[in-house]
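Close look at the chain arrangement
What follows is the residue order along each chain.
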Amino acid sequence: MEQQHTSVALEETAIQELASHMRGALLRPGDAGYEQARAVYNAMINRHPALIARCGDVADVIAAVNFARDHRLTLAVRGGGHNGPGLGTCDDGLVIDLSDMKGMRVDPVARTARVEGGCTWGDMDHATHPFGLATPSGFISTTGVGGLTLGGGIGYLARAFGLTIDNLLGVDLVLADGSFVMASASEYADLFWAVRGGGGNFGVVTSFLFHLHPISTVYGGPMLWPMEQAADVMKFWRDFILNAPQEINGWFAFVTVPPAPPFPEQFHLQKMCAIVWCYTGALDQADEAFQPIRATIPPAVDFAGPIPWPVLQSLFDALYPKGLQWYWKTDFFTDLSDKAIDLHRKYGAQLPTMHSTMHLYPINGAVHRVGAGDTAFSYRDANFAEVIVGVDPDPANNERMIGWAKDYWMALHPYSAGGGYINMMMDEGADSVQAAYRDNYARLAQIKATYDPHNLFHVNQNIKPSR
Ligand SMILES: Cc1cc2nc3c(=O)[nH]c(=O)nc-3n(C[C@H](O)[C@H](O)[C@H](O)COP(=O)(O)OP(=O)(O)OC[C@H]3O[C@@H](n4cnc5c(N)ncnc54)[C@H](O)[C@@H]3O)c2cc1C
């Protein structure tokens, strides 16, 4: 029978019993720290869980999973809390909050890192950078390792080393029945296949084991051009990035220049287009690698240069603090026709608020070395991941920015490969989830039926257990 996910009147004795089994705190409405603990990154999301289990270790996670299942509570699992539609929290139910589980062990000889489920990418960079090592992550350091990894993980190192999941060696997982398993290519291989893109559908990942690469100081940062050059820059970027050596990554963006240093004053609050670069080849060859770019389309603002990896990773953290309103739309593209570029230019020029933006991430190079059926992440033949986000501090602007994001997405969708990236969509329903997984969906639904037949883990981009 499907888990009922109802809010039930919990008996005080049952709650006290759970609290007594936990090393971490169990927070309820009215408790000190509850309001802070329930707030997620996207301020559009305002949920009130009945219980927040601030798990301190795996035993706490097991106790909380068993409690939610036995009491038929809606169960949400929170890693970094960055998810757009707020899938790391819920109303009335129980939230397993992993944010106190920040254990990390780097093995510089084997080049691996064992990372607990509450770490952010900033935590990870902090731990690995002293060893001159890193693994592919995203483009901002405050995002959780948990959600980003389980959905795939698209970032600066994708063309060189693949998605985050392509560098995942194993996970520790608490399953719906409260059992603990270690999944890897050799043990629970079906689960390991499923968690590499299948999101939080299969259990609570208490730790991740990653392969690390020698990454320390890279050559990167943004270049900006006036909006009038947007079509030319985009066409240049498309042709360049489809054929560039894998050690060069650069994502395209429409931005409004923040009115603050280091941006030159004459560009403050102007809408511009940008490419944010990350080159991981030999530093003494970087200027040569960037020469054709600078010569063909000289940027108006050029910040690209040698930069420590953690600095590049956290470059945009201050611009996007916790507590803004966020609305997400996403698609994958195999190509970018001139007609599609015209549409991008049109909607890019209409960015509705200063924080709103459109990014196109290249996902060719090493991402294509893995087959579409080798992990749950299916879009291995796509070259670009598009994300359109309406972002602003003021909820009064939501309607306007949501309208822009939807119109922009609708205009480009006919040129897309069909589905979007689950980590960058809102709660759009079963069809969008199926479209994200294409041919992998049926296998995911079977694995879900094996390990979570009652869909206890349903607060996510949900894969329904097959019958
Ligand atoms: C500012 C910003 C920048 C971003 N940049 C990128 C980027 O560069 N590349 C990219 O790929 N994505 C990016 N994302 C999207 C990001 O990958 C998703 O928002 C992701 O869901 C965030 O993970 P989280 O752990 O922080 O979120 P949460 O809200 O905590 O969780 C998200 C989902 O993952 C599940 N989950 C999290 N941890 C676990 C766990 N340990 N075990 C089981 N389930 C778990 C949750 O249940 C939930 O369903 C960005 C998001 C934001 C807000």
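Each remark here, short or long, concerns the structure printed above.
The paragraphs below set out a description of the structure included in this document. The model shown is predicted, which means the values in this text are computed figures rather than measured ones. (Residues numbered from 1 in each chain as written. Predicted model: local features only at pLDDT ≥ 70, side-chain atom pairs only at ≥ 80, totals over all residues. Heavy atoms only, no water.)

Structural notes on the site of the ligand
Where we set the bar: One heavy atom suffices: a residue is near a molecule or strand as soon as one of its heavy atoms comes within 4 Å of it. The definition of a polar contact used here is a pair of N or O atoms within 3.5 Å, where within protein one atom must be able to donate a hydrogen and the other to accept one, and adjacent residues in sequence count solely through side-chain atom pairs. Each accessible area value is a Shrake-Rupley result obtained with a 1.4 Å probe; residue values ignore everything except the protein chains displayed when judging cover. Numbering of helices and strands runs from the N terminus; a helix is a DSSP stretch of H or I covering at least four residues, while a strand is a stretch of E covering at least two. Here the nonpolar group is Ala, Val, Leu, Ile, Met, Phe, Trp, Tyr, Cys and Pro; Asp, Glu, Lys and Arg are the charged ones; every other residue, Gly included, is treated as polar.
Around the ligand, the structure places 33 residues, and the nearest of them are V77, G79, G81, I154 and Y421. With respect to the ligand, the backbone of G79 contributes an N or O atom lying 2.7 Å from an oxygen atom. Protein chains shield 96% of the accessible area of the ligand, which is 940 Å² for the free molecule. Of all elements in the fold, only β3 (75-78), α5 (145-151), β10 (204-211) and β17 (325-333) reach the threshold of two or more residues within the shell around the ligand. Looking at which element gives the most residues to the shell around the ligand, the answer is α5, with 4 residues. Across the shell around the ligand, the residue classes tally to 16 nonpolar, 16 polar and 1 charged.

What about the nonpolar core?
Heads up, the rule is: Only buried residues count toward a nonpolar core. Its members are Ala, Val, Leu, Ile, Met, Phe, Trp, Tyr and Cys residues joined through side-chain atoms within 4.5 Å. Residue burial is assigned from relative accessible area. The probe radius is 1.4 Å, only protein chains are included, and a residue is buried under 20% of its type maximum, exposed over 50%, and partly exposed in between.
Ranked by size, the top nonpolar core spans 88 residues in total, and within it I154, Y156, F252, F254, W277, W309 and F332 carry the most contacts. Within the second largest apolar cluster, 39 residues are counted, among which are V145, L148, A376 and V433.

Comments concerning the sheet that holds strand β5 (residues 104-107)
Formally: Criterion used throughout: strands pair if DSSP finds at least two bridges between them. Here an angle of 0 to 180 degrees is reported between the N-to-C directions of two axes, which are lines fitted to C-alpha atoms, with helices fitted over the stretch in contact. Throughout, a residue-residue contact means that at least one pair of heavy atoms, one from each residue, lies within 4.5 Å.
The strand order across the open sheet formed by 5 strands is β5-β6-β10-β8-β9, and the pairing between neighbours is antiparallel. Of all strands in the sheet, those with a lone pairing partner are β5 and β9 (180-184), marking the two edges. The sheet shows a mean angle of 15 degrees between the axes of neighbouring strands, taken without regard to direction. Bridging between strand β6 (residues 112-116) and β10 involves 5 bridges; their strand directions are antiparallel. What sits directly across from R114, in β10, is L209. This element, helix α4 (residues 121-128), spans β5, β6 and β10 of the sheet and lies at about 40 degrees to β5.

Details of the pattern of salt bridges
Opposite charge on two side chains permits pairing when their charged atoms draw close. To be explicit about the condition: Here a salt bridge means any side-chain nitrogen of Lys or Arg lying within 4 Å of a carboxyl oxygen belonging to Asp or Glu.
Under the criterion given, the structure shown has 16 salt bridges. Across the salt bridge formed by K102 and D123, the nearest N and O atoms sit 2.7 Å from each other. Here D123 lies in helix α4 and K102 lies in the loop between β4 (94-97) and β5, a separation of 21 residues in the sequence. Its salt-bridge partner being R380, residue D166 comes within 2.8 Å of it at the nearest N-O pair. You can see D166 sitting in the loop between α6 (158-161) and β8 (168-174) and its partner R380 sitting in the loop between β18 (357-362) and β19 (384-392), a full 214 residues away along the chain.

Side note on the pairing of strand β14 (residues 271-279)
Of all 9 residues that make up β14, 8 are buried, and the element is covered over most of its length. Alignment of strand β12 (residues 217-226) against β14, held across 8 bridges, turns out to be antiparallel. The residue of β14 that forms the bridge with G220 is C278. Pairing of strand β13 (residues 248-256) with β14 involves 9 bridges; the strand directions are antiparallel. In the strand pairing of β14, A253 is matched with A274.

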